[in-house]
Amino acid sequence: ETGVTQSPTHLIKTRGQQVTLRCSSQSGHNTVSWYQQALGQGPQFIFQYYREEENGRGNFPPRFSGLQFPNYSSELNVNALELDDSALYLCASSRDGPLDTQYFGPGTRLTVL
Amino acid sequence: ILNVEQSPQSLHVQEGDSTNFTCSFPSSNFYALHWYRWETAKSPEALFVMTLNGDEKKKGRISATLNTKEGYSYLYIKGSQPEDSATYLCASLNAGNNRKLIWGLGTSLAVNP
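Residues numbered from 1 in each chain as written. Chains lettered and ligands numbered in written order. Predicted model: local features only at pLDDT ≥ 70, side-chain atom pairs only at ≥ 80, totals over all residues. Heavy atoms only, no water.

**Remarks on the layout of surface pockets**
Point 1. Each pocket or cavity is described by its volume, and for the largest pocket that value is around 610 Å³.
Point 2. In terms of lining, the largest pocket is formed by 25 residues, of which the most central are Gln37(A), Gln41(A), Leu88(A), Trp38(B) and Thr87(B).
Point 3. Taken together, the elements giving at least two residues each to the lining of the largest pocket come down to β9 (87–94) of chain A together with β9 (86–94) and β11 (107–112) of chain B.
Point 4. Among the residues making up the lining of the largest pocket, the classes are represented as nine nonpolar, 13 polar and three charged.
Point 5. Estimated volume of the second largest pocket: approximately 270 Å³.
Point 6. As for the second largest pocket, its lining consists of 13 residues, and the residues nearest its centre are Gln44(A), Phe45(A), Asn59(A), Lys100(B) and Ile102(B).
Point 7. Listing elements by their share of the lining of the second largest pocket, those giving two or more residues are β5 (44–50) of chain A together with β10 (102–103) of chain B.
Point 8. Broken down by class, the residue content of the lining of the second largest pocket amounts to seven nonpolar, five polar and one charged. (1 Å grid on protein atoms, 1.4 Å probe; cavity = no way out; pocket = protein on both sides within 12 Å on 5 of 7 lines; lining within 4 Å. Points joined across faces, edges and corners; volume = space filled by probe spheres on them. Helix = DSSP H or I, 4+ residues; strand = E, 2+ residues; numbered from the N terminus. Nonpolar A, V, L, I, M, F, W, Y, C, P; charged D, E, K, R; others polar.)

**Points about the sheet that holds strand β8 (residues 72–77) of chain B**
All names here are of chain B.
Point 1. Ordered by their spatial adjacency, five strands build an open sheet running β1-β3-β8-β7-β6, and the pairing between neighbours is antiparallel. In this open sheet, the two strands that pair with only one neighbour each are β1 (5–7) and β6 (56–59). Going across the sheet, the axis of each strand differs from the next one's by a mean of 15 degrees, ignoring polarity.
Point 2. Bridge count for strand β7 (residues 62–67) against β8 is six bridges, and the pairing is antiparallel. In the strand pairing of β8, Leu-66 is matched with Ser-73. (Pairing = 2+ DSSP bridges. Axes fitted to C-alpha atoms, helices over the stretch in contact; angles between N-to-C directions.)

**Considering the nonpolar core**
Note that soluble globular proteins tend to have their nonpolar side chains buried in a common cluster.
Point 1. Phe21(B), Trp35(B), Phe48(B), Leu75(B), Tyr88(B) and Leu109(B) are the most contacted members of the largest nonpolar core, which has 22 residues in total.
Point 2. Every element with two or more residues in this core is listed here: β2 (10–14), β3 (19–24), β4 (30–38), β5 (45–50), β7, β8, β9 and β11 of chain B.
Point 3. If sequence neighbours within four positions are ignored, Leu75(B) has contacts with Thr19(B), Asn20(B), Phe21(B), Trp35(B), Leu47(B), Phe48(B), Ile62(B), Ser63(B), Ala64(B) and Tyr88(B).
Point 4. Counting residues in hydrophobic clusters, the runner-up holds 20 residues, among them Leu21(A), Cys23(A), Val32(A) and Phe60(A). (Core = buried A, V, L, I, M, F, W, Y, C linked by side-chain atoms within 4.5 Å. Buried < 20%, exposed > 50% of the residue type's maximum accessible area, 1.4 Å probe, protein only. Contact = heavy atoms within 4.5 Å.)

**What to know about the sheet that holds strand β3 (residues 19–24) of chain A**
Note on sheets: strands pair through backbone hydrogen bonds, and any given pair is parallel or antiparallel.
All names here are of chain A.
Point 1. A sheet is described by the order of its strands in space; here four strands give the open sequence β1-β3-β8-β7, paired in antiparallel fashion. Where the open sheet ends on each side, the last strands, each with one partner, are β1 (5–7) and β7 (64–68). Strand-to-strand twist of the sheet, defined as the mean angle between neighbouring strand axes without regard to direction, takes the value 20 degrees.
Point 2. Examined bridge by bridge, β7 and strand β8 (residues 74–78) share five bridges and lie antiparallel to one another. Residue Phe-64 lies in a different strand from β8, and its bridge partner there is Val-78.

**Focus: the environment of Asn71(A)**
Residue and element names in this part refer to chain A.
Point 1. Turning to its location among the elements, Asn-71 is positioned in the loop between β7 and β8.
Point 2. You can call Asn-71 exposed: its relative accessible area is 56%.
Point 3. Sequence spacing of Asn-71 and Asn-30 is 41 residues, and the spatial spacing of their C-alpha atoms is 8.4 Å.
Point 4. A distance of 2.7 Å separates a polar atom in the side chain of Asn-71 from a polar atom in the side chain of Ser-73. (Polar contact = N/O pair within 3.5 Å; in protein donor to acceptor, adjacent residues only side chain to side chain.)

**A few points about the interface of chain B and chain A**
In many analyses, interface size is given as the accessible surface area lost on bringing the parts together.
Point 1. Contacts between chain B and chain A engage 19 residues on the former and 24 residues on the latter.
Point 2. Linking chain B with chain A are zero salt bridges, by the criterion used here.
Point 3. Inspection of the chain B/chain A interface yields two residue pairs in polar contact (both at pLDDT 80 or more).
Point 4. Going through the elements one at a time, β4, β5 and β9 of chain B are the ones with two or more residues in the side of chain B that touches chain A.
Point 5. Residue contributions to the side of chain B that touches chain A peak at five residues, all from β4(B).
Point 6. Across the side of chain B that touches chain A, the residue classes break down as 12 nonpolar, five polar and two charged. (Salt bridge = Lys/Arg side-chain N within 4 Å of Asp/Glu carboxyl O.)

Next up, the structure:
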């Protein structure tokens, strides 16, 4: 157990809908990173939040957005869902960014129909 | 290379065999290399974070080496056990990469009893 939790565990949405995924980071960690893992692919970096500000972004369109709260928990929002958004979404928390070990949550499996 | 590449893509070994696989990463402006183990139905688990050329790290029967000048890292497993069956992922951090880890696609290891 890493102490990182994600909700929900599974989610089914239809094209065009919006979704919010949640992540609670491990105690003492101020950085949260979000990843998308499509079937047969390695994790793809979506973005990272450090002390409530976006602190790095991968090659994802603006309809992928996020928030980090004062308690360092985080949300990933995806608007106008597309079929290709079906994937496992992982969040990882670390003490201070990508030099530190990242502790992953169990993931949210999103299916877009 | 611009991406992180891992080889082989998959590996089947017998219990007791020793094995190794490779992670190749951009050598320019290298900052850190991460190794993770991802077992089915679990979250990725950190194995090592390596930063220094020539560094060697060990965790039980698993060890890793790092060559930052030529941009590769080897992961070794001595005396493989069925519980070592997992996907082994590496991720590289290079300065100026907007603080994002670039992930390989992983090596899937199956250890037959």
